[in-house]
Amino acid sequence: MGWLGTILREAYGLFVDDGLFAVAILLWLGVTWQILPRLGLPPDLAGIVLFGGLALILLESAVRRSRRP
Amino acid sequence: MSIEWAHVGPTLVAAFLASTVEFVEALTVVLAVGTVRGWRGALAGAGAGLLVLLAMILILGPALTRIPLGPVQLVVGTLLLLFGMRWLRKAILRAAGVIPLHDEAAAFAKETASLSGLGTRDRGWDRVAIAAAFKITMLEGIEVVFIVIAVGAGGQGLLLPAILGALAALIAVVLLGILVHKPLTRIPENQLKFIVGVLLSAFGAFWVGEGIGLTWPRGDWSIPGLIAGFLAAALIAVPVCRKRAA
């Protein structure tokens, strides 16, 4: 079963490097999918909010990694 | 048939650049295998790997296009975001000097040393060479398959430009490999990863938005806007990270 473990590890590694970073992206997608439509935002604004959250997650994660000793 | 250039152009470029990065990494190991263990086994292993990868694209790609577009865009867009933003984050950290740049010459030296310690060659087909070349082609190629399928499955008629982009990258890297006969150390790998990370993140965000029913301002032409947005965020992040790390 070693090969199966290797394949699964490789597949996981394709998408997840920093666990917190991946979880933050998924949570933000969940928020924009389930919560954003209920806030009654203008339709054109929703995409911008989705992008803005993702950009902030990217910045925060990169800066946090830079601080690590 | 109308061609949606807002999709086709970035799809082709993203597939080409991302595949170039992966094929350059695979070429380094195949060159090491060929140099140490002989070219017959190295080329056979790499060729077998490429055939398996091509079969995966030809089976999985059209199969995905038969599933309703909304769920595909949501799932593929999410995976593309995770993949693209991971690449972009790593490219930012490398550009800022937080983590070291990928060094093809060092990878070649390490692989050569490792293969040299594996004893004498088999008579006839060298199983070590075939296995090593097959493994690296598959490992790097799986990422190419994912990128081609992901950027090709998000819209109608995008699989072909994605496949063409990846094939063009394969031909370019193989020709360069034959020409220079050593690792392609002068390919600006981190800059490529930076650009690919931006493109894949933009595609991912767009398709997730489409998948969950968001309305994009100016429709498909939001993709160039998203590309500009992710590029701006990444360019802001580099000096900030450099300053924090100092």
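Note that the coordinates shown come from a computational prediction; the quantities given were computed from them, not determined experimentally.

**Q** Before we move on, could you go through the overall build of chain B and cite the residues and values that matter?
**A** What chain B contains, in helices and strands, is eight helices and zero strands. For chain B, the N- to C-terminal ordering of α and β elements is α-α-α-α-α-α-α-α. For 246 residues, the compact-globule formula gives about 18 Å, and the C-alpha radius of gyration of chain B, at 19 Å, lands near that figure. Principal-axis analysis of the C-alpha atoms gives chain B an extent of 60 × 50 × 25 Å. Expressed as a percentage of the 246 residues in chain B, the buried residues total 52%.

**Q** Could you give an account of the overall build of chain A, naming the residues involved and the relevant values?
**A** Broken down by element type, chain A carries three helices and zero strands. Along the chain direction, N to C, the helices and strands of chain A fall in the order α-α-α. For a compact globule of 69 residues, the expected C-alpha radius of gyration is about 11 Å, and chain A comes in at 16 Å, more than 25% above that figure. Reported as C-alpha extents along the three principal axes, the dimensions of chain A are approximately 50 × 35 × 15 Å. The buried share among the 69 residues of chain A stands at 23%.

**Q** Give a description of the confidence of the model for chain B that names residues and reports values.
**A** All names here are of chain B. For chain B, the mean per-residue pLDDT works out to 86, and 95% of the residues sit at or above 70. Averaged pLDDT values over the elements of chain B bottom out at 83 in helix α4 (residues 104-116) and peak at 94 in helix α8 (residues 222-245). We note a pTM of 0.85 for the whole complex and an ipTM of 0.91 for its interfaces.

**Q** Before we move on, can you summarise the interface of chain B and chain A with the specific residues and values?
**A** Where interface size is given, it is often the accessible area lost as the parts come together that is meant. Contacts between the two partners involve 37 residues from chain B and, on the opposite side, 27 residues from chain A. Elements that contribute at least two residues to the side of chain B that touches chain A include exactly α3 (69-95), α5 (127-153), α7 (189-211) and α8 of chain B. Looking at which element gives the most residues to the side of chain B that touches chain A, the answer is α3 of chain B, with 12 residues. Taken together, the residues that form the side of chain B that touches chain A break down as 27 nonpolar, five polar and five charged.

**Q** Which residues make up the nonpolar core, and what values go with them?
**A** Core analysis: the largest hydrophobic core is formed by 95 residues, its most contacted members being Ala15, Val30, Leu88, Ile92, Ala133, Val148 and Ala202 of chain B. With 17 residues, the top contributor of residues to this core is helix α1 (residues 5-37) of chain B. Residue contacts for isoleucine 92 of chain B: discarding those within four places in its chain leaves Ala62 of chain A together with Ala234, Ala237, Val238 and Cys241 of chain B.

Thresholds, definitions, all that
Residues numbered from 1 in each chain as written. Chains lettered and ligands numbered in written order. Predicted model: local features only at pLDDT ≥ 70, side-chain atom pairs only at ≥ 80, totals over all residues. Helix = DSSP H or I, 4+ residues; strand = E, 2+ residues; numbered from the N terminus. Rg over C-alpha atoms; globule rule 2.2 N^0.38 Å. Buried ≥ 20, exposed ≤ 12 C-beta atoms within 10 Å, placed from the backbone. pLDDT = per-residue confidence, 0-100. Contact = placed C-beta atoms within 7 Å. Nonpolar A, V, L, I, M, F, W, Y, C, P; charged D, E, K, R; others polar. Core = buried A, V, L, I, M, F, W, Y, C linked by C-beta atoms within 7 Å.

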